[in-house]
Amino acid sequence: MSINVKLSETLIECAKRHGAVEHRSVPKQIEYWSRIGKIATENPDLPFSVIRDILLADQEEPVGEYQFG
């Protein structure tokens, strides 16, 4: 579901610049920042590098269960 919200021009321009580097649209860049902020708020002791790795791992295809031996 999507809804319309009013955002500042400064935020939109910043999202355009940062999103272009990562090949994200403005809405996807803002969603990315939102996920980072949510994880950081819920886990204040995690460094940004760990948060980024968590988000990257969420995008990977599941490999399945590892079989030992």
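Residues numbered from 1 in each chain as written. Predicted model: local features only at pLDDT ≥ 70, side-chain atom pairs only at ≥ 80, totals over all residues. Heavy atoms only, no water.

In this structure, the largest pocket occupies an estimated 210 Å³ of space. Around the largest pocket sit M1, S2, I3, N4, V5, L7, P27, I30, E31 and S34, which together line it. (1 Å grid on protein atoms, 1.4 Å probe; cavity = no way out; pocket = protein on both sides within 12 Å on 5 of 7 lines; lining within 4 Å. Points joined across faces, edges and corners; volume = space filled by probe spheres on them.)

Here the focus is the packing of aromatic side chains. If you walk through the whole model with that rule in mind, you get 0 aromatic pairs. Against the face of Y32 rests R24, its NZ or CZ located 3.8 Å from the ring centre. (Phe/Tyr/Trp six-rings, centres within 6.5 Å; stacked < 30°, edge-to-face > 60°. Lys NZ or Arg CZ within 6 Å of the ring centre and 35° of its normal.)

So, on to the environment of L46. Inspection of the secondary structure puts L46 in the loop between α2 (26–42) and α3 (48–59). Excluding its chain neighbours within four sequence positions, the residues that come into contact with L46 are I39, I51 and I54. (Helix = DSSP H or I, 4+ residues; strand = E, 2+ residues; numbered from the N terminus. Contact = heavy atoms within 4.5 Å.)

With that out of the way, let us pick up unusual backbone geometry. What is expected of a backbone is that most residues other than glycine have negative phi and most peptide bonds are trans. In the Ramachandran plot, H23 falls in the positive-phi region, its phi being about 60 degrees despite a non-glycine side chain. Along the polypeptide, H23 turns up in the loop between α1 (9–22) and α2.

Look at α1 against α2: their axes get within 8 Å of each other, and the N-to-C directions meet at 95 degrees. Comparing their axes, α2 and α1 come out roughly perpendicular. Judged by residue contacts, L11, I12, C14, A15, K16, H18 and G19 of α1 engage V26, Q29, I30 and W33 from α2. In terms of residue class, the contact of α1 with α2 is built from 7 nonpolar, 3 polar and 1 charged. (Axes fitted to C-alpha atoms, helices over the stretch in contact; angles between N-to-C directions. Parallel < 35°, antiparallel > 145°, perpendicular 65-115°, else oblique. Nonpolar A, V, L, I, M, F, W, Y, C, P; charged D, E, K, R; others polar.)

The next point concerns a nonpolar patch on the surface. A cluster of nonpolar side chains, M1, I3, V5 and L7, forms an exposed patch at the surface whose accessible area comes to about 520 Å². Structurally, V5 can be placed in the segment before α1. Here V5 falls in the exposed class, since its relative accessible area comes to 55%. (Patch = residues over 30% accessible without salt bridge, like charges linked within 9 Å, V, L, I, M, F, W, Y side chains within 5 Å. Areas by Shrake-Rupley, 256 points an atom, 1.4 Å probe, with all protein chains shown as cover. Salt bridge = Lys/Arg side-chain N within 4 Å of Asp/Glu carboxyl O. Buried < 20%, exposed > 50% of the residue type's maximum accessible area, 1.4 Å probe, protein only.)

Inspection of every chain in the model, using the stated rule, returns 3 salt bridges. Of the charged contacts, one joins E13 and K16 as a salt bridge, the two residues approaching to 3.4 Å between their closest N and O atoms. Of this pair, E13 and K16 both sit in helix α1, 3 residues apart, roughly one helical turn. Relative accessible area serves as the criterion here: at 35%, E13 is assigned to the partly exposed category. Between K38 and E42 there is a salt bridge whose closest N-O contact spans 2.9 Å. Residue K38 and its partner E42 are located together in helix α2, separated by 4 residues, close to a single helical turn.

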